[in-house]
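# Structural characterization, general
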Amino acid sequence: MNMRHFISYCLFIIFALLLTGCVDEAKDESPSKTNLTIESYSVSEKEKLLISKTGVQHIEYFKLNGTLKKEDDLQFSVEVYENGKFKEDGIKTYGAIETNYKDSLISFGVMDNGGEEPSIKLLIGIPAGLSSTSYENNMTGFAFGRLVGEKITLEKDKPRYLAGWFGTTKNELRTIGEEQGELPEAIENYETHIEWLIEKNR
């Protein structure tokens, strides 16, 4: 092999390696890997028994799958509404530690604080830990449940409402329907309405 052929052969190998790297990078950034999806998770009877020992009366679980891009972040929040109008944020968490999720469990729950003053504890369980806050509760009846049934894909800057707590001092309380991540339209029918949500943003 003369020098010209040798140089051409080396350039061909380098070019092929560069192409392979580009293809691999494109694969890593493919939508199927970078998309984040979330879906409800139904616990088994044994898991229900274990949960009952923790004192948490009402809790919903969800599975998170996919890859979070480096420039993006995940925000978990609790929003409080009164008579259909936004009142305040209960909890906000930022700064996702993990970027790769495979059946990562997320939980949203509520429990009675007990004591003389009526209040409830709002819970957010994320892969990095647990956040909670107390909220004054004078409701005489309530309902709690998930708002998402099927798997949904998280879109940037579009909040997805996953679970809700609805309280009333009246005799009637409507059931909670699955809204596929949208804020329920009938929240004005409830005196107190608390939402757990997730949002992908920068």
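Residues numbered from 1 in each chain as written. Predicted model: local features only at pLDDT ≥ 70, side-chain atom pairs only at ≥ 80, totals over all residues. Heavy atoms only, no water.

Here the focus is the sheet that holds strand 5 (residues 100-112). Spatially, 7-6-5-2-1-9 is the arrangement adopted by the 6 strands of the open sheet, whose pairing is antiparallel. Each edge of the sheet is formed by a strand with only one pairing partner; in this case those strands are strand 7 (129-136) and strand 9 (152-153). Relative to strand 7, strand 6 (residues 119-126) is paired through 8 bridges, and the arrangement is antiparallel. When the sheet's bridge partners are listed, Leu122 is paired in strand 7 with Thr133. (Pairing = 2+ DSSP bridges. Helix = DSSP H or I, 4+ residues; strand = E, 2+ residues; numbered from the N terminus.)

In globular proteins that are soluble, nonpolar side chains generally tend to be buried together. By size, the foremost hydrophobic cluster in this structure holds 30 residues, and its most contacted members are Ile38, Leu74, Phe108, Ile194 and Trp196. Counting only elements with at least two residues in this core, the list comes to strand 1 (36-41), strand 2 (58-67), strand 3 (73-82), strand 5, strand 6, strand 10 (160-168) and strand 11 (192-201). Setting aside anything within four residues of it in sequence, one finds Ile194 in contact with Val78, Glu79, Val80, Ile120, Leu122, Tyr135, Ala163, Gly164 and Trp165. Tyr81, Tyr161, Ile187 and Leu197 belong to the second-largest nonpolar core, a separate cluster that totals 5 residues. (Core = buried A, V, L, I, M, F, W, Y, C linked by side-chain atoms within 4.5 Å. Buried < 20%, exposed > 50% of the residue type's maximum accessible area, 1.4 Å probe, protein only. Contact = heavy atoms within 4.5 Å.)

By volume, the largest pocket is sized at about 200 Å³. Around the largest pocket, the lining is made up of 13 residues, and of these Val43, Lys48, Ile51, Ile59 and Tyr61 lie nearest the centre. Residue composition of the lining of the largest pocket, grouped by class: 6 nonpolar, 4 polar and 3 charged. (1 Å grid on protein atoms, 1.4 Å probe; cavity = no way out; pocket = protein on both sides within 12 Å on 5 of 7 lines; lining within 4 Å. Points joined across faces, edges and corners; volume = space filled by probe spheres on them. Nonpolar A, V, L, I, M, F, W, Y, C, P; charged D, E, K, R; others polar.)

Before going further, it helps to spend a moment on the environment of Gly66. Take Gly66: it is sitting in strand 2. Assessed through its relative accessible area of 15%, Gly66 is described here as buried. Separated by 28 residues in sequence, Gly66 and Ile38 have C-alpha atoms that sit 9.0 Å apart.

The next thing to look at is the pairing of strand 3. The buried count for strand 3 comes to 9 of 10 residues, which makes it a mostly enclosed element. Pairing of strand 3 with strand 11 involves 10 bridges; the strand directions are antiparallel. Looking at the pairing, Glu79 lines up with Glu195 of strand 11. Of the strand pairs in this sheet, strand 3 and strand 4 (residues 85-93) are connected by 7 bridges, and their pairing is antiparallel. Looking at strand 4, one finds that Glu79 is bridged to Asp89. Here strand 3 folds back onto strand 4 in antiparallel fashion, the turn holding 2 residues, of which Asn83 has a positive phi close to 50°.

For Thr93, the position within the fold is in strand 4. Residue Thr93 is classed as buried on the basis of its relative accessible area of 11%. For Thr93, the contacting residues outside a window of four places in its chain are Leu74, Gln75, Phe76, Ile126 and Ser131.

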